[in-house]
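Structural overview for review
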Amino acid sequence: MSVKVSDAAGQLKIIASGVADIVPIEALKAKLTTGRTLTIKLGVDPTAPDLHLGHAVPLRKLRQFQDLGHRVVLIIGDFTALIGDPSGRSTTRPALTPEQIESNATTYIEQAFKVLDPDKTTMRRNSEWLGPLGFADILRLTSQFTVARILERDDFQKRYREGVGISLHELLYPMAQAYDSVAIEADVELGGTDQLFNLLAGRELMEKMGLEPQVCLTLPLLEGTDGVQKMSKSYGNYIGLTDVPDDMFGKVMSIPDELMIKYYRLCTAVLVEEIDSLEAALGSGQEHPNAAKRRLAREIVSLYHGPDAAILAEEAFDRVFKHREMPEDIAEVRVQRIDPVYLPGLMKDAGLAPTASEARRLIDGGAVRIDGEPVVLPPGEYSLPWIAVDGRVLQAGKRRYARIVG
C-alpha cells in the first residue's frame, strides 16, 4: 500500500474504512494535514495467550498506519493487567500473577508480529512509567478526575444500580490507561467500541497536562463464524491466528455472506478501493458471493501462513466439500476404551465439540458421521458399541475429524 504521507484526504479514507468512531474527526484531519509522522498507540493487557481474528482487528488498523508512514507504539499493559480492565465486565476481573502476565505477553507479541511490521513497531511496557509512581504521584494524578466522571462508564453504572461491588482499584484503571497516552504523547489511540470511555479519559488527561490531546479511534467488535455473537473462544465461533491453514480456510468459508465485507475491511490487507468495488459488485449481482468468500479465505490464510498455504487449503476444502472426500491427514485421538461408549463424551474428549451438550446438539441435528455415514440414534439415546467407533473416522459438522483409537 503506498499513499503519500502528505495526502491527508487519501490517508483519512484508508484510516476511516471499517472504523466505528473517530473522536474528534476534525482533529485527525488536522494532524494528518501537518504531514508529520504521528504516534499511534494501542495498549493491550496480556490476559489471554491465544489470539483470534477479533483480537487482530486493531492490529490490522495499526498496520495500515504503519504502511502510511506513521509510528506505532504497542504498549504491553503488564502493570494495568495487575488491575484488570473492567470494560464490559459485570464482576471484578480476577488478578493475574506477574508470571502469568509475562507468559501471556510473550505469546501475544509473537502472534502480533504476524500482523505488524516489527521494524516499524516500538514495544513498551507500562510498568516503565506506572511502576515508579509513588503515592503522592498517584494522588496528584487522581485529582485530575472526579468520581462522577469515572462513574459515567456504562459498566460501572450498571453494576452500581444492581448492587454489584466495584473495587476501588477498578476506578483507577481508566486513569492508568490515560497516563499511558501522556507517557508516550500519543496522537491517536485505538481500541474497541467498549474502550471509548478509557480512550476519552486519555484525551482529557493529556489536555489537562498541557499536551496536544489524542484522537480516539474505535473499531467494531467482530462477529464470529456464527454471525451473531462476538468472536470468542468461549462461544466456539473463533478463527485463531495459529489455526492450521485448512481449518482457517474452512472457518472463513462458514461465515454468513452478509459479514464478508466487514471481514474484508477488518481482517485483510486488501486495498480500500478494491473492497469498495467488491461491495458494489456484490450488491449489483456482478460478483458471486462464493467467489468473494473464497478470495476472502485465501487473503486471510495468506496473511498468516503465506500464499502457497492458501492455495493448498482451498484445494483441501474442495476435496472435502465439493468432492466429498475426507482430509488426507486426519489426526488420531487416543481415548479410554469403554463398551458401550457414550458418544457425546467421546466427541468432547476427541476435541470435536467443546461440551457434551453441544455434541448432543450436533448428533440430534444430523451433523455427526462415522466413516462418512450419518449417525442416527433413537431420541435420547447416545451410546454405541465400542466396535462402531474403534479405528473409525468420527466427523462433527463440516470440518472437524478425528480417527478414534482405543
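Right above here is the structure, for reference.
Attention shifts here to the packing of helix H1 (residues 8-16) against helix H2 (residues 25-33). At a minimum axis separation of 9 Å, H1 and H2 run at an interaxial angle of 135°. When the axes of H1 and H2 are compared, the pair comes out oblique. Considering how the two elements wind past one another, H1 and H2 form a crossing that is right-handed. On the side of H1, the interface is formed by Ala8, Gln11, Leu12 and Ile15, while H2 contributes Leu28, Lys29, Leu32 and Thr33. Considering only residue class, the contact of H1 with H2 consists of five nonpolar, two polar and one charged.

Moving on to the pattern of salt bridges. For the coordinates displayed, the defined rule picks out 28 salt bridges. Between aspartate 390 and arginine 337 there is a salt bridge, with the nearest N and O atoms lying 3.5 Å from each other. On the criterion of sequence distance, the pair formed by aspartate 390 in the loop between strand S11 (383-384) and strand S12 (393-396) and arginine 337 in the loop between strand S7 (332-334) and strand S8 (341-342) is long-range, its members being 53 residues apart. Under the relative-accessibility criterion, aspartate 390 is labelled partly exposed at 32%.

Bringing the sheet that holds strand S1 (residues 21-23) into the picture now. The six strands are arranged S1-S6-S5-S2-S3-S4 in an open sheet whose pairing can be described as mixed. Bordering the open sheet on either side are S1 and strand S4 (121-125), each of which pairs with just one other strand. Adjacent strand axes in the sheet meet at a mean angle of 25°, parallel and antiparallel pairs treated alike. Of the strand pairs in this sheet, strand S3 (residues 71-76) and S4 are connected by five bridges, and their pairing is parallel. Within S4, the position partnered with isoleucine 76 by the bridge is arginine 125. In the packing of helix H10 (residues 173-184) onto the sheet, the strands contacted are strand S2 (39-44), S3, S4 and strand S5 (188-192), and the crossing angle to S2 comes to about 145°.

Reading guide: rules and limits
Residues numbered from 1 in each chain as written. Predicted model: local features only at pLDDT ≥ 70, side-chain atom pairs only at ≥ 80, totals over all residues. Heavy atoms only, no water. Axes fitted to C-alpha atoms, helices over the stretch in contact; angles between N-to-C directions. Helix = DSSP H or I, 4+ residues; strand = E, 2+ residues; numbered from the N terminus. Parallel < 35°, antiparallel > 145°, perpendicular 65-115°, else oblique. Left-handed = near helix turned anticlockwise from the far one by under 90°. Contact = heavy atoms within 4.5 Å. Nonpolar A, V, L, I, M, F, W, Y, C, P; charged D, E, K, R; others polar. Salt bridge = Lys/Arg side-chain N within 4 Å of Asp/Glu carboxyl O. Buried < 20%, exposed > 50% of the residue type's maximum accessible area, 1.4 Å probe, protein only. Pairing = 2+ DSSP bridges.

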